[in-house]
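# Structural overview for review
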Amino acid sequence: MDYKTGVEKFVDHLMQIYDDSIRSSNPSWHAGRNMFGNRYEYESEDISGFDPRLTDHKQNAAVTRHVLGHAGVILAGRGMDDTFNVIPTKKGVGELTGYAISGIAQIADIWQKYFGDEEHRQGQADVEILNDYVARDIANAFTRAYEGKYTRDQLRQKIIHLLGQ
């Protein structure tokens, strides 16, 4: 019998992506492509264990789509930098592009807050915006793990802390 909460199952999914990516020649690219490419494929309506601020206002399990999408584009961008290193700076063109794509998607969430339907104006957009920020923090945690600054267990704990109650 499975006694895991919804957040634990989603963190297990993210950790499987991490485990698969760490064995590749370009972990950020591998994880980012996997996350972004499958953002609509992760299926679970179980929101148990998630911080209610991330699932409130009918957002529910869409938090997983936000995490996979936003973290995915950022990590894929970092992976492009790892491969091409076009501009050798702290943040390369790929990473900046990933953040730009994430930011553009967030602009749509912000727009909905002020001009969207009643549900978005009454709080759903705020939840989506918060999910966007959490997703970026998860991308940053993956990067710290790839850089050796977090162990696998520390990465898992960080993600649980970001998503859980």
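Everything in this summary refers to the structure shown in the same document. (Residues numbered from 1 in each chain as written. Predicted model: local features only at pLDDT ≥ 70, side-chain atom pairs only at ≥ 80, totals over all residues. Heavy atoms only, no water.)

## What about helix 5 (residues 93-115)?
Under the 1.5 Å per step criterion, the end-to-end length of helix 5 is 32 Å for 23 residues, consistent within 8% with the ideal 33 Å. Looking only at helix 5, the buried set comprises G94, E95, G98, S102, Q106 and D109. (Helix = DSSP H or I, 4+ residues; strand = E, 2+ residues; numbered from the N terminus. Expected span 1.5 Å × (residues − 1). Buried < 20%, exposed > 50% of the residue type's maximum accessible area, 1.4 Å probe, protein only.)

## Describing the packing of aromatic side chains
Counted according to the given criterion, the structure contains 6 aromatic pairs. Aromatic side chains Y18 and Y146 sit 5.5 Å apart centroid to centroid with 15° between the ring planes, which places their arrangement in the stacked category. Taken together, the residues span a long stretch of sequence, with Y18 in helix 1 (residues 6-22) and Y146 in helix 6 (residues 118-146) at a distance of 128 residues. Plain terms: the ring middles of F142 and Y146 are 6.1 Å apart, the flat faces sit at 70° to each other, and that makes the pair edge-to-face. You can see F142 and its partner Y146 sitting in helix 6, 4 residues apart, about one turn around the helix. Summarising the burial analysis for this pair, F142 and Y146 share the class buried. (Phe/Tyr/Trp six-rings, centres within 6.5 Å; stacked < 30°, edge-to-face > 60°.)

## What about the pattern of salt bridges?
The final tally for this structure, using the stated rule, is 8 salt bridges. Between K9 and D46 there is a salt bridge, with its nearest N and O atoms 3.9 Å apart. Residue K9 is found in helix 1, and its partner D46 is found in the loop between helix 2 (27-37) and helix 3 (52-55); the two are separated by 37 residues along the sequence. D51 serves as the salt-bridge partner of R53, at 2.5 Å between the closest nitrogen and oxygen. (Salt bridge = Lys/Arg side-chain N within 4 Å of Asp/Glu carboxyl O.)

Interpretation note: all reported values are geometric properties and have no functional meaning in isolation.
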